[in-house]
Amino acid sequence: NLAVRIGSGHDEIERELAIAQAIEQQELEITASLRCGSREAVFAGKIDRLIDSDAGRMVLDYKSSKRITTTSELSNAPNTGQHLQLWLYAAMLEAVGEQPAGHVALAFPLADPSGKQTRVSRIQIGERQRHSEQVLAGIERLIALAESEELSVAPQGWDSACRYCDVADACP
C-alpha cells in the first residue's frame with residue numbers, strides 16, 4: 001500500500017534527521033529577488049521543510065523518486081544542474097535576511113535503501129557562495145536562452161514529470 005510505504009519512509013527520515021530534537025521546523029513559502037549575473041530575477045518557491053536545530057539550519061526537499069541521490073551527487077549538483085532548488089532556496093533565504101542554511105538535504109520516503117544508503121542525502125554547504133554563484137550564472141544563461149527562443153523542451157508523455165509542473169502550461 002502506497003500510503004503505508006510513504007508513512008514508513010517518513011518515520012525513517014524523521015529518525016535519521018533527529019527531527020524530534022529540532023528547535024523549529026516549518027514549510028516555508030518564500031519569494032526573493034536575486035541577481036543572476038547582469039540580470040535581476042524574482043523567484044518564488046516553497047521549501048518543503050526548513051529545520052532549525054542545535055546543528056544549524058537545514059533546507060530539506062522531499063522527492064518521490066525511488067532512486068536515492070547520493071551525497072556525492074548532491075555535492076556535485078551545482079556542476080551538473082541537478083537539484084538546483086536547494087541552492088536557490090539557500091540563496092533566497094539570505095536575500096530576504098533570514099538566517100542562512102548550513103545544510104541542504106534530499107529525502108526519499110519511497111526509496112528502498114540498500115547497503116550503507118539511507119533515505120536522506122545531506123551535505124554541509126560551506127562553499128555556499130561559490131555554489132550559489134554557479135547556480136545563479138546558470139539561471140542567467142537559461143533566461144537568456146528563453147528570451148532568445150533558443151530554449152526548447154523535449155516532448156513529454158503522459159507519465160512524465162511535466163504533469164506535476166506548476167508552469168507546464170507555459171511550455172510549447
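Residues numbered from 1 in each chain as written. Predicted model: local features only at pLDDT ≥ 70, side-chain atom pairs only at ≥ 80, totals over all residues. Heavy atoms only, no water.

1. Looking at helix α4 (residues 84-95)
- For α4, spanning twelve residues, the distance from its first C-alpha to its last is 16 Å, which sits close to the expected 16 Å at 1.5 Å a residue.
- Taken together, the buried positions of α4 are Leu-86, Trp-87, Leu-88, Tyr-89, Ala-90, Ala-91, Met-92 and Leu-93.
- Of the residues trailing α4, Gly-97 is marked for its positive phi of about 80 degrees. (Helix = DSSP H or I, 4+ residues; strand = E, 2+ residues; numbered from the N terminus. Expected span 1.5 Å × (residues − 1). Buried < 20%, exposed > 50% of the residue type's maximum accessible area, 1.4 Å probe, protein only.)

2. Things to note about the environment of Phe-43
- Relative to the helices and strands, Phe-43 resides in strand β2 (residues 39-53).
- On the basis of relative accessibility, which here comes to 15%, the residue Phe-43 falls in the buried class.
- In the structure, Phe-43 is positioned 13 residues away from Ile-30 in sequence and 8.1 Å away in space, judged by C-alpha atoms.
- If near-sequence neighbours (up to four positions away) are discounted, Phe-43 is found in contact with Ile-30, Thr-31, Ala-32, Leu-34, Cys-36, Leu-88, Met-92 and Ile-139. (Contact = heavy atoms within 4.5 Å.)

3. Regarding the pairing of strand β3 (residues 56-62)
- When you tally the buried positions in β3, you get five out of seven residues, the bulk of the element.
- Here β2 runs beside β3; their pairing, made up of five bridges, is antiparallel. Counted as the bridge partner of Ser-53 is Gly-56 from β3.
- Between the antiparallel neighbours β2 and β3 lie two residues.
- As judged from the five bridges shared by β3 and strand β4 (residues 103-107), these two strands associate in the parallel manner. Each bridged residue has a counterpart across the sheet, and for Val-59 the counterpart in β4 is Val-104. (Pairing = 2+ DSSP bridges.)

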